[in-house]
Amino acid sequence: MINNLKKNSKPLSRRAFNTLLGSMGLAAVSSTKSYPKFDAIPERVVVIGGGFGGATAAIYLKKMDPNIEVILIEKNLLYATCPFSNTVISGMNKFSYILKSFNYFEKLNIKVIHDLAIEIDSNNKKITLNSGRVISFVCCIVSPGIDFDYESIIGNSTNIQNRIPHAWRAGFQTQLLRKQLVAMPNGGTFIISPPPNPFRCPPGPAERISLIADYFKKNKPKSKIIVLDPKDKFGKQSLFKEGWAKLYPNMIEYRNSAEFGKVREVVADKMVLVTDIDEVKGDVINLIPGQKAGRIAFNSGLVNQSGWCPVNHATFESKLEKDVYVIGDASISSPMPKSGVSAYSQAKVCAAAIVSSLNGEIVKNPKFINYCYSLVSPDYGISVVKVYEFNGEKIKLIDGAGGKSPPNQTNKFRRLEAQYAEGWYKTITKEIWG
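What counts and what doesn't
- Residues numbered from 1 in each chain as written.
- Predicted model: local features only at pLDDT ≥ 70, side-chain atom pairs only at ≥ 80, totals over all residues.
- Heavy atoms only, no water.
- Helix = DSSP H or I, 4+ residues; strand = E, 2+ residues; numbered from the N terminus.
- Rg over C-alpha atoms; globule rule 2.2 N^0.38 Å.
- Buried < 20%, exposed > 50% of the residue type's maximum accessible area, 1.4 Å probe, protein only.
- Contact = heavy atoms within 4.5 Å.
- Expected span 1.5 Å × (residues − 1).
- Phe/Tyr/Trp six-rings, centres within 6.5 Å; stacked < 30°, edge-to-face > 60°.
- Lys NZ or Arg CZ within 6 Å of the ring centre and 35° of its normal.
- Pairing = 2+ DSSP bridges.
- Axes fitted to C-alpha atoms, helices over the stretch in contact; angles between N-to-C directions.
- Core = buried A, V, L, I, M, F, W, Y, C linked by side-chain atoms within 4.5 Å.
- Lys, Arg positive; Asp, Glu negative; His and termini not counted.
- Salt bridge = Lys/Arg side-chain N within 4 Å of Asp/Glu carboxyl O.
- Polar contact = N/O pair within 3.5 Å; in protein donor to acceptor, adjacent residues only side chain to side chain.
- Left-handed = near helix turned anticlockwise from the far one by under 90°.
- Nonpolar A, V, L, I, M, F, W, Y, C, P; charged D, E, K, R; others polar.

Caption draft 1: Examining the overall build of the chain more closely. The secondary structure content of the chain amounts to 12 helices and 24 strands. Taken against the 2.2 N^0.38 rule, which gives 22 Å for 434 residues, the C-alpha radius of gyration of the chain at 22 Å falls within 12% of a compact globule. Dimensions along the principal axes, computed over C-alpha positions, put the chain at roughly 70 × 50 × 40 Å. Expressed as a percentage of its 434 residues, the buried residues of the chain come to 57%. Of the contacts made within the chain by residues no fewer than 6 positions apart, 67% connect residues no fewer than 24 positions apart.

Caption draft 2: Structural detail: helix α11 (residues 340-358). With 19 residues, α11 extends 27 Å from end C-alpha to end C-alpha; this agrees with the ideal 27 Å at 1.5 Å per step. Burial within α11 is extensive, with 18 of its 19 residues counted as buried. Once α11 finishes, Gly360 follows within two positions and takes phi at roughly 75°, a positive value.

Caption draft 3: Region of the structure containing the packing of aromatic side chains. Tallied over the full model, the rule gives 17 aromatic pairs. With a centroid separation of 6.2 Å and 40° between ring planes, the pair formed by Phe84 and Tyr97 is classed as tilted. Of the two residues, Phe84 sits in the loop between β3 (79-80) and α4 (85-89) while Tyr97 sits in the loop between α4 and β4 (99-100), which places them 13 residues apart along the sequence. Judged by its relative accessible area of 11%, Phe84 falls in the buried class. Plain terms: the ring middles of Tyr104 and Phe105 are 6.2 Å apart, the flat faces sit at 70° to each other, and that makes the pair edge-to-face. By relative accessible area, which is 24% here, Tyr104 ends up partly exposed. Its relative accessible area of 0% is what places Phe105 among the buried residues. Counting every residue linked through ring pairs, the aromatic cluster contains Phe84, Tyr97, Trp424 and Tyr425. Against the face of Tyr60 rests Lys63, its NZ or CZ located 4.7 Å from the ring centre.

Caption draft 4: Region of the structure containing the sheet that holds strand β17 (residues 284-287). Taken in spatial order, the 4 strands make up an open sheet running β13-β12-β11-β17, and their pairing is parallel. With partners counted over all chains shown, the strands left at the sheet margins are β13 (252-255) and β17, one partner each. Mean inter-strand twist for the sheet, computed between neighbouring axes without regard to direction, equals 15°. Strand direction decides the pairing type here: strand β12 (residues 224-228) and β13, joined by 4 bridges, are parallel.

Caption draft 5: Focus on the nonpolar core. Membership of the largest hydrophobic core comes to 119 residues, with the highest contact counts inside it found for Ile73, Ile120, Ile127, Phe190, Ile225 and Trp244. At 11 residues, α11 tops the list of elements feeding residues into this core. Non-local contacts of Trp244, meaning those with residues more than four positions away in its chain, are made with Ala206, Ile209, Ser210, Phe234, Pro249, Ile252, Tyr254 and Val376.

Caption draft 6: Spotlight on helix α3 (residues 52-64). Compared with an ideal rise of 1.5 Å per residue, which puts 13 residues at 18 Å, α3 spans 18 Å between its outermost C-alpha atoms and is within 8% of the ideal. Counted residue by residue, α3 has 12 buried out of 13 residues, so it is predominantly covered.

Caption draft 7: Examining the side chain of Lys100 more closely. Relative to the helices and strands, Lys100 resides in strand β4. No salt bridge is formed by the buried Lys100; the nearest opposite charge belongs to Glu422, separated by 10 Å. From its side chain, Lys100 meets the backbone oxygen of Tyr97 in a polar contact 3.3 Å long.

Caption draft 8: Broad picture of the pairing of strand β14 (residues 263-267). Judged from the 4 bridges that link them, β14 and strand β15 (residues 272-275) form a sheet pairing that is antiparallel. In the strand pairing of β15, Glu265 is matched with Val274.

Caption draft 9: The arrangement of the sheet that holds β15 in detail. The sheet built from 3 strands is open, its strands ordered β14-β15-β16 with antiparallel pairing. One side of each edge strand has no neighbouring strand; the edge strands of this open sheet are β14 and β16 (279-281). Recorded for the sheet is a direction-independent mean angle of 25° between the axes of neighbouring strands. Bridge count between β15 and β16: 3 bridges; the pairing is antiparallel. What sits directly across from Val274, in β16, is Glu279.

Caption draft 10: Structural view of the environment of Ser223. Mapped onto the secondary structure, Ser223 falls in the loop between α7 (205-219) and β12. Residue classification places Ser223 among the buried positions, given a relative accessible area of 3%. In this structure, the C-alpha to C-alpha distance between Ser223 and Ile89, residues 134 residues apart in sequence, is 16 Å. Aside from chain neighbours lying at most four places away, what touches Ser223 is Met184, Pro185, Asn186, Gly187, Gly188, Phe216 and Met251. Here the side chain of Ser223 touches Gly188 through a polar contact of 3.5 Å, landing on its backbone nitrogen.

Caption draft 11: Molecular detail of the environment of Val324. Counting through the fold element by element, Val324 comes out in strand β20 (residues 324-326). A relative accessible area of 1% places Val324 in the buried class. On a C-alpha basis, the gap between Val324 and Val46 in space is 9.7 Å, while along the polypeptide they are 278 residues apart. Residues in contact with Val324, not counting those within four places in the same chain, are Ile120, Ser122, Phe137, Cys140, Val142, Leu302, Phe316, Glu317 and Ser318.

Caption draft 12: How the structure looks around the packing of α11 against helix α12 (residues 411-433). Their axes nearest at 13 Å, the elements α11 and α12 cross at an angle of 35°. For the crossing formed where α11 meets α12, the hand is left-handed. Every residue of α12 that contacts α11 at Val341, Tyr344 and Lys348 is listed here: Trp424, Ile428, Glu431 and Ile432. Among the residues forming the contact of α11 with α12, the class breakdown is 5 nonpolar, no polar and 2 charged.

Here you go:
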């Protein structure tokens, strides 16, 4: 199916993709025996984080063995998804479009605790919450997402975020950046400095650039966008640049680090970014810091010197703390990217591994998928798909099992991929949050 995308240069249908997406994450389950039901007191698995990784893990733990007691800890009453948050910034969708509740989990008999998890004590198998409450567990899955490294750029800190938001966690800053763009004069300059590798995506920097350009084209056509990229290239670069040339000629000025240097300092009160060779002034600035694992991973001894969490790629159990599993953005799971679909795929494998372990079974040769849609405009989509497997030592890309949108396609082709992108978002969020 994936090879057909590459050979025939056609986007996967929504139905075909959803079938594939579901099957990849559950590939590990097919190699195990059926799971017996517990007659004694149920085992308790606690999941921290209600995003694409954590919420999916909680659901599939319960689906695979209804007798396991599953508790989901998530601080937010409503979860704002990073996927499609760029459509809020550009005005395509209202903020409410990306808000998801946890009411569905009650129907699944999953207990949701809205509190902030502070620390995981793997020795005593307890989790301390911000409220002071302590939750015990047999196994713990943590999907902590990301935190930010402000120290690499002089002048950058949480103190400037009301003026220069990163909007890399969907929420207040997403809405703030939208308001700043609306208030920006026609003919103004928007500066975006994407994060260095590795970073969470979505929200994708190139998609954000594209959709803001679409907003400018329709509402502020004299405005321009300057991209100060700390990298020399970015994902799907040729496809994005093809779209930019076609849709937004002379509006986007892309500067990579090899030719123009990196941002070294931000002067917030003057709205200036200082690079190795220049000072660039903007009316609105979107400075996205470098990233690392979420704070609880540091508090709980789950990170190594890289700032990310090493895991066993067959199960996603931490290599540093027993019976604690790390999935999603915070895990070291290269070559898989730090994406929502990666977290979703890893969550299923991790859930299967835990259920199998509790029942004395072994999961063999799990497979994973990442599928990334990006919008260059509301009716111009591009995509890339990759499939991975555990080879006995680590996750590896399956050669030939993947593909990406071909170049030089018709408007109809790009419009279909944009529709598939919306269909993917609606389908996966309905599966996870109901």
